[in-house]
Amino acid sequence: MSETPSRPVRTRVAPSPTGDPHVGTAYMSLFNLGFARQQGGQFVLRIEDTDRARFREDSEQQVFDTLHWLGLTWDEGPDVGGPFAPYRQSERLETYQPYVDRLLAEGKAYFCWCSQERLAEMREAQQKAKQPTGYDRLCYGRTREERSALPGFTETPVVRMLIPDDVELTFTDLIRGQVSAPRPDDQVILKADGFPTYHLAVVVDDHEMGITHVVRGEEWISSTPKHVLLYQWLGLEAPAFAHMPLLRNTDKSKISKRKNPAARLTWFQEQGYLPEALVNFLALLAYPPAHDAEGNEVEVFDFADFSARFDWSKVNPVGPIFDLKKLEWLNGVYIRELALDDLAGRLRPYLERDGVLPAEPTAEQLERLRAVTELIQTRMALLSEATALVAPFYAADDALEIADDARAQLKDDAGDVLDAGTKALEAVGEWKAADLEAALRASLVDGLGLKPKFAFGPLRTAVSGQRISPPLFESMEILGRESTLARLRRLRASL
């Protein structure tokens, strides 16, 4: 089997539409796409929807939407077409049957009429006897009539591979070098419903679509010998294989949608992660950062940088820990680097979702958002965190909620501070942050002899309703004279 096929590079990702797309789909897409782009090749999206029991109608569109959101776009696929269409396995059923017929005719596969109940009992007996689990070949060499006379018969057969005793169990992996896999049992390749299993469909589709490099998770290492065997039996050129390390939780268990919300790709959008930060993070999970001229690691890089310096030998085969703190840090870095209008635009969907802004904001509301965004850009790690920071700027003065922790920190002199602050602000001429700060410092710090923390705390609570808020004087400037004074007086009246 050639380690580096001589054909033009073609990679693919092949998710199953069985629920919210898994973050692993993006992870695999990134490495497939990065290599394909570096080599001037093609990247294919194929939908593997032969598992009809777990199929979900809306899941395919979610795959398209989330990968587009991340900028991991494909050259061929169900939505864009291509020379090897169709790209859904359920629409390719006629493709697989000739391959099954050939394997049956050549004695490399056989019909199996065993019922699910019989197979379950067989597995249970094998486990009790501490034997390897696998099909016991009760149906092999028997006709339908002969098999029907035995227990555990079902009318509609499946088709199984006949794994030879001398099956090759080692193969070359682009990431791991020589890899040994366990001996497979007689794998089902065609199910009773007429749908192929993954093992047949993946070999046939990868061949028919000209895939040169199969990049997938390490959980498929154990299946590779039977895939290589199918390529050999069918006289097809095998692709190169690269088995990526599995993403792991902090306890080193495999990351799953049932146990970890961060396994769902849609979760990252909901939480307010930037797609470019997530792509950067996914690359870092299994690939080393570049180094600058001084030898320092450069952990912040874009897809083009990643693709340009990609090398299979540098992929770390050890399962990486999915560290959300690292992702949050990266996200904050990217947020701080965004142009102001870009960031304000990205905040809008979250503010609209949370009821801070209407679906169609006015020009005045958008202008205020731009001003507020400038204040909070350095104070967020997630876009969704903007809601609490921005909401006070759109609340009615008489409806602003004062958070319990903000009210609890007010000292006994809060009323005096608010009175003096209000008086000082009433006398300010031009309503600019610098002038507001000067007037309040003169009145509260110099006049009342208070430390800035205690001087400005009650004002912050009055203006934002929060214990921690965007910069106070700039917030007052954005709110304007009327709103600022109304809020100071309202808090004062409640004490």
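That block above? That's the structure.
Once a new chain begins, its residue numbering starts again from 1 and follows that chain's sequence as written. Local features in this predicted model are restricted to residues whose pLDDT is 70 or higher, and side-chain atom pairs enter the listing and the counts only when it is 80 or higher, whereas totals over whole chains, interfaces and linings include all residues. The basis for the side-chain values is all heavy atoms of the structure; hydrogens and waters are excluded.

Our next topic: the nonpolar core. The biggest cluster of nonpolar side chains holds 105 residues, and the ones touching the most others in it are Phe-31, Met-244, Phe-268, Trp-312 and Phe-322. Contacts: residue pairs with any heavy atoms within 4.5 Å of one another. If sequence neighbours within four positions are ignored, Phe-31 has contacts with Met-244, Leu-282, Ala-283, Ala-286, Tyr-287, Phe-306, Phe-310, Trp-312 and Val-315. Ala-109, Phe-171, Leu-229 and Leu-230 belong to the second-largest nonpolar core, a separate cluster that totals 35 residues. Here, nonpolar core means buried Ala, Val, Leu, Ile, Met, Phe, Trp, Tyr and Cys residues that are tied together by side-chain atoms lying within 4.5 Å of each other. Relative accessibility thresholds used throughout: buried, under 20% of the residue-type maximum; exposed, over 50%; partly exposed, between the two (1.4 Å probe, protein chains only).

Within the fold, Arg-118 resides in helix 4 (residues 116-128). A distance of 2.5 Å separates polar atoms of two side chains, one belonging to Arg-118 and the other to Asp-136. Runs of H or I in DSSP of at least four residues are treated as helices and runs of E of at least two as strands, each being numbered from the N terminus. Polar contact is the term for a pair of N or O atoms within 3.5 Å; when the atoms are in protein, one must be able to donate a hydrogen and the other to accept it, and sequence-neighboring residues count only if both atoms are side-chain atoms.

Orientation is described by lines fitted to C-alpha atoms, with helices fitted over the stretch in contact, and by angles between N-to-C directions that extend from 0 to 180 degrees. Two elements in contact, helix 16 (residues 414-426) and helix 18 (residues 452-464), have axes whose closest approach is 9 Å; the angle formed by their N-to-C orientations is 80°. If you check the angle between helix 16 and helix 18, you find them roughly perpendicular. The residues of helix 18 that touch helix 16, namely those facing Ala-414, Val-417 and Leu-418, are Phe-454, Ala-455, Pro-458, Leu-459 and Ala-462. For this scheme, ten residues count as nonpolar: Ala, Val, Leu, Ile, Met, Phe, Trp, Tyr, Cys and Pro. Four count as charged, namely Asp, Glu, Lys and Arg, and the remainder, Gly too, count as polar. Class assignment for the residues of the contact of helix 16 with helix 18 results in 8 nonpolar, no polar and no charged. The cut-offs work like this: below 35 degrees is roughly parallel, past 145 is roughly antiparallel, 65 to 115 is roughly perpendicular, and the gaps in between are oblique.

Our next topic: the side chain of Asn-280. Considering the arrangement of structural elements, one finds Asn-280 in helix 9 (residues 275-286). For Asn-280, a relative accessible area of 1% gives the class buried. A distance of 2.7 Å separates a polar atom in the side chain of Asn-280 from a polar atom in the side chain of Tyr-334. When near neighbours in sequence (up to four residues on either side) are disregarded, Asn-280 contacts Glu-299, Val-300, Phe-301, Leu-330 and Tyr-334.

Only centres within 6.5 Å qualify two rings of Phe, Tyr or Trp (six-membered ring in Trp) as a pair; their planes then separate them into stacked at under 30 degrees, edge-to-face at over 60, and tilted for everything else. Overall, the coordinates contain 21 aromatic pairs when judged by the stated rule. On the numbers, 6.0 Å between centres and 40° between planes, the contact of Phe-111 with Trp-113 is tilted. Using a relative accessible area of 7% as the deciding quantity, one classes Trp-113 as buried. Taken together, a centroid distance of 5.8 Å and an interplanar angle of 35° make the contact between Trp-267 and Tyr-273 tilted. You'll find Trp-267 and Tyr-273 in the same group, each marked buried. Note on criteria: charge over ring means Lys NZ or Arg CZ within 6 Å of the ring centre, with the direction from the centre no more than 35 degrees off the ring normal. We note Arg-160 situated over the ring of Tyr-135; from NZ or CZ to the ring centre the distance is 3.9 Å. It is Arg-309 that lies over the ring of Phe-301; its NZ or CZ is 4.8 Å from the centre.

A pairing counts as a salt bridge when a side-chain nitrogen of Lys or Arg comes within 4 Å of a carboxyl oxygen of Asp or Glu. All told, the structure shown has 33 salt bridges when counted by the stated rule. For Glu-426, the salt bridge is made with Arg-489, and the minimal N-O distance between the two is 2.6 Å. Residue Glu-426 is found in helix 16, and its partner Arg-489 is found in helix 20 (residues 481-494); the two are separated by 63 residues along the sequence. Assessed through its relative accessible area of 44%, Arg-489 is described here as partly exposed. Taken together, the shared-partner salt bridges connect Arg-12, Arg-46, Glu-48, Arg-92, Asp-205, Asp-206 and Glu-208 into one network.

This brings us to the environment of Tyr-350. If you trace the backbone, Tyr-350 turns up in helix 12 (residues 340-353). For the pair Tyr-350 and Glu-270, spaced 80 residues apart in sequence, the C-alpha separation works out to 8.3 Å. Setting aside anything within four residues of it in sequence, one finds Tyr-350 in contact with Gln-269, Glu-270, Gln-271, Gly-272, Leu-383, Ser-384 and Thr-387. At 2.6 Å, the side chain of Tyr-350 forms a polar contact with the backbone oxygen of Gln-269.

Another aspect to go through is the sheet that holds strand 7 (residues 188-190). Ordered by their spatial adjacency, 3 strands build an open sheet running 3-4-7, and the pairing between neighbours is antiparallel. Edge strands, defined here as strands with exactly one partner in the open sheet, are strand 3 (109-114) and strand 7. The sheet shows a mean angle of 55° between the axes of neighbouring strands, direction not considered. A pair of strands counts as paired when DSSP detects no fewer than two bridges linking them. Relative to strand 7, strand 4 (residues 153-161) is paired through 2 bridges, and the arrangement is antiparallel. Counterpart to Val-159 in the pairing with strand 7 is Leu-190. The sheet contacts of helix 3 (residues 93-105) involve strand 3, strand 4 and strand 7, and relative to strand 3 the element is tilted by about 95°.

Time to look at the pairing of strand 6 (residues 177-180). If a strand is regular, its side chains alternate between the two faces of the sheet. Bridge count for strand 5 (residues 170-173) against strand 6 is 4 bridges, and the pairing is antiparallel. By the bridge assignment for strand 6, Phe-171 is matched with Val-179. Here strand 5 hands over to strand 6 after 3 residues, the two strands then running antiparallel side by side.

Everything listed here is a matter of coordinates, which is why it stays silent on function.
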